[in-house]
Amino acid sequence: MFYSFDVIGLVGFGDDFNQLESGIEHYAIRGVHDQMFMIGLLNQIPWLSYPLNALQPLSGGFGLFKIYCNNMVKKCALRYQKSHDDTPRDVISWLLKAQSENDRSAPPTAKALAEDGNVLILGGSDTTGNTLACVLHYLVANKPVYKKLQQQLDDIFPNRERSYEYAEVRRLPYLDAILKETMRLKPAVPGGQPRVTPPEGLQIGDTWIPGDINVLVPQYALQRDDRFFHRAAEFLPERWLEQRGSLNLDERAYFPFQIGPRGCVGKEFAMMSMRIFITHIAMNFDIEFAPGEDGSTFDACARDYLAIDVGPLYLVLSERTPL
Ligand code: HEM
């Protein structure tokens, strides 16, 4: 979790949350986590979030998070004003550049830019962090899968870290199959996001939905449905490889990043960040459940707080012997 927040802080603002280094959860992130229940609830009642957000004392820890992000956006603006860098190294500075060039993709106001800062950190952190925790859980619970991944990495990188190249990792189908299968069973946004039907209403198959109605299509339910995925409850990375035809009955029911114009803008970045994390762990460490841990509570207790919320998972990592 610390990893994903630090990475998105760097990519978003050019400044990380220093969590990996300090080992301490940043106060702004703790603010978000303390209010996950409320964030999940308000996702179902969107109109209520506007007055609550406007009243700073009611928005509590989440308010602190927003203040922190707004300050980071201002810091980026000062830095950009000084440098007018043509090739900035963080997303907010790219948006500032777009604003200064009157590009049509630029956020129209300072408030919109600040909102982009919040959404970027929220969208790019717990999603990736919780998915990675789920990947580790499935890998430890499915030893042969982990061993096979380690073997493939050893074959490609005979000198491990010294020969590591992301371009090779990107071309590793088995790794992507593991990530895809994890996101099928534990999608980071499990309950879907609300959409409004067009004013004239919508006919879907035999079902008529009137206009201006909030609808949700929950990834979690569809991606575990036996009508679309044979042996849907099982973790089977092979379903994305050699057994694709026999195990995946209808892949249109798979959409962990959503689809369409409001789908995840960070999809490629998320995949890259997760590939890098998992491959470094697998190359360098063997993993076991910690004494007293069997992963069952972690597996059973994931909750839908807009992003998936997973409990603690206690693992022991031991350094692998050199090749
Ligand atoms: C495993 C990782 C991730 C998953 C599964 C995921 C999933 C999603 C989903 C399902 C949505 C659509 C929400 C909706 O329907 O309204 C979304 C939106 C978004 N995601 Fe991701 N995401 C991930 C990582 C990231 C990362 C790393 C970033 C940033 C670099 C990011 C940035 C965003 C943003 C900004 C939006 C809002 C897009 C908009 O409203 O137009 N996401 N994500």
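Right, let's walk through the structure included here. (Residues numbered from 1 in each chain as written. Predicted model: local features only at pLDDT ≥ 70, side-chain atom pairs only at ≥ 80, totals over all residues. Heavy atoms only, no water.)

**Points about the overall build of the protein chain**
Turning to step 1, where the next piece is worked out: A tally of helices and strands in the protein chain yields 16 helices and eight strands.
Turning to step 2, where the next piece is worked out: Here the C-alpha radius of gyration of the protein chain, 21 Å, is about what a compact globule of 323 residues would show, namely 20 Å.
Turning to step 3, where the next piece is worked out: C-alpha extents for the protein chain along the principal axes are approximately 55 × 55 × 40 Å.
Turning to step 4, where the next piece is worked out: In the protein chain, buried positions account for 45% of the 323 residues.
Turning to step 5, where the next piece is worked out: Split by element, the accessible area of the protein chain, about 17400 Å² in all, is 58% carbon and sulfur.
Turning to step 6, where the next piece is worked out: For the protein chain, the distance from the average site of its 32 positive side-chain charges to the average site of its 40 negative ones is 2 Å. (Helix = DSSP H or I, 4+ residues; strand = E, 2+ residues; numbered from the N terminus. Rg over C-alpha atoms; globule rule 2.2 N^0.38 Å. Buried < 20%, exposed > 50% of the residue type's maximum accessible area, 1.4 Å probe, protein only. Areas by Shrake-Rupley, 256 points an atom, 1.4 Å probe, with all protein chains shown as cover. Lys, Arg positive; Asp, Glu negative; His and termini not counted. Charge placed at Lys NZ, Arg CZ, Asp CG, Glu CD.)

**Observations regarding the coordination of the iron atom of the ligand**
Turning to step 1, where the next piece is worked out: Of all protein atoms, just one serves as a donor to the iron atom of the ligand, and that atom is Cys264 (SG), at 2.3 Å.
Turning to step 2, where the next piece is worked out: Considering the arrangement of structural elements, one finds Cys264 in the loop between α14 (244-247) and α15 (267-284). (Donors = N, O, S within 2.8 Å, 3.2 Å for Na, K, Ca; no water.)

**Some remarks on the nonpolar core**
Turning to step 1, where the next piece is worked out: Counting 40 residues, the largest nonpolar core has Leu139, Leu149, Leu153, Ile178, Phe229, Phe277 and Ile278 as the members making the most contacts within it.
Turning to step 2, where the next piece is worked out: Of all the secondary structure elements, the ones that give two or more residues to this core are α1 (2-13), α9 (126-141), α10 (143-156), α12 (173-185) and α15.
Turning to step 3, where the next piece is worked out: Excluding its chain neighbours within four sequence positions, the residues that come into contact with Leu139 are Val145, Tyr146, Ile178 and Ile278.
Turning to step 4, where the next piece is worked out: Residues Ile29, Phe62, Cys76 and Tyr80 belong to the second largest nonpolar core, which totals 24 residues. (Core = buried A, V, L, I, M, F, W, Y, C linked by side-chain atoms within 4.5 Å. Contact = heavy atoms within 4.5 Å.)

**Looking at the pattern of salt bridges**
Turning to step 1, where the next piece is worked out: Scanning the entire structure with this criterion turns up 20 salt bridges.
Turning to step 2, where the next piece is worked out: Salt-bridge contacts for Arg252 lead to Asp250; the nearest nitrogen and oxygen are separated by 2.8 Å.
Turning to step 3, where the next piece is worked out: Asp309 is the partner of Arg303 in a salt bridge, and the nearest nitrogen-oxygen pair spans 3.5 Å.
Turning to step 4, where the next piece is worked out: A residue is classified by how much of its surface remains accessible, and Arg303, at 45% relative accessible area, is partly exposed.
Turning to step 5, where the next piece is worked out: On the basis of relative accessible area, Asp309 is assigned to the buried category, the value being 18%.
Turning to step 6, where the next piece is worked out: Residues participating in the shared-partner salt-bridge network are Lys147, Asp154, Arg160, Asp286 and Arg320. (Salt bridge = Lys/Arg side-chain N within 4 Å of Asp/Glu carboxyl O.)

**Some points on the packing of α12 against α15**
Turning to step 1, where the next piece is worked out: Interaxial distance between α12 and α15 falls to 11 Å at its minimum, and their mutual angle equals 115 degrees. Between α12 and α15, the crossing angle belongs to the class labelled roughly perpendicular. Once α12 is placed against α15, the crossing between them reads as right-handed. In this structure, α12 uses Leu175, Asp176, Leu179 and Met183 to contact α15, whose residues at the interface are Met271, Met274, Arg275, Ile278 and Thr279.
Turning to step 2, where the next piece is worked out: Class assignment for the residues of the contact of α12 with α15 results in six nonpolar, one polar and two charged. (Axes fitted to C-alpha atoms, helices over the stretch in contact; angles between N-to-C directions. Parallel < 35°, antiparallel > 145°, perpendicular 65-115°, else oblique. Left-handed = near helix turned anticlockwise from the far one by under 90°. Nonpolar A, V, L, I, M, F, W, Y, C, P; charged D, E, K, R; others polar.)

**With respect to the side chain of Asn248**
Turning to step 1, where the next piece is worked out: Turning to its location among the elements, Asn248 is positioned in the loop between α14 and α15.
Turning to step 2, where the next piece is worked out: Judged by relative accessible area, which is 7%, Asn248 ranks as buried.
Turning to step 3, where the next piece is worked out: Separated by 3.1 Å, the side chain of Asn248 and the backbone oxygen of Arg239 make a polar contact.
Turning to step 4, where the next piece is worked out: Polar side-chain contacts of Asn248 include one of 2.9 Å to the side chain of Glu251. (Polar contact = N/O pair within 3.5 Å; in protein donor to acceptor, adjacent residues only side chain to side chain.)

**Let's talk about α9**
Turning to step 1, where the next piece is worked out: Between its first and last C-alpha atoms α9 spans 22 Å; for 16 residues at 1.5 Å apiece the expected length is 22 Å, and the two agree.
Turning to step 2, where the next piece is worked out: For α9, the buried fraction is high: 15 of the 16 residues fall into the buried class. (Expected span 1.5 Å × (residues − 1).)

**A word on unusual backbone geometry**
Turning to step 1, where the next piece is worked out: Look at Arg160: it is not a glycine, yet its phi comes out positive at around 45 degrees.
Turning to step 2, where the next piece is worked out: Its location among the elements puts Arg160 in the loop between α10 and α11 (166-170).
Turning to step 3, where the next piece is worked out: The exposure class assigned to Arg160 is buried, which follows from its relative accessible area of 10%.

**What to know about the site of the ligand**
Turning to step 1, where the next piece is worked out: Near the ligand there are 24 residues, and of these Gly123, Gln193, Arg195, Arg262 and Cys264 occur at the shortest range.
Turning to step 2, where the next piece is worked out: Within the backbone of Gly123, one N or O atom sits 3.1 Å away from a nitrogen atom of the ligand.
Turning to step 3, where the next piece is worked out: Residue Arg262 places a side-chain N or O atom 2.9 Å away from an oxygen atom belonging to the ligand.
Turning to step 4, where the next piece is worked out: Put simply, the parts of the chain that give the shell around the ligand at least two residues each are α8 (110-124), α9 and α15.
Turning to step 5, where the next piece is worked out: Of all the elements, α8 adds the most residues to the shell around the ligand, at four residues.
Turning to step 6, where the next piece is worked out: By residue class, the composition of the shell around the ligand is 12 nonpolar, 10 polar and two charged. (Near = heavy atom within 4 Å.)

**Considerations on the environment of Met38**
Turning to step 1, where the next piece is worked out: In this fold, Met38 is placed in helix α4 (residues 36-44).
Turning to step 2, where the next piece is worked out: Residue class for Met38 comes out partly exposed when judged on its relative accessible area of 33%.
Turning to step 3, where the next piece is worked out: Linking Met38 and Pro144, residues 106 residues apart in sequence, is a C-alpha distance of 39 Å.

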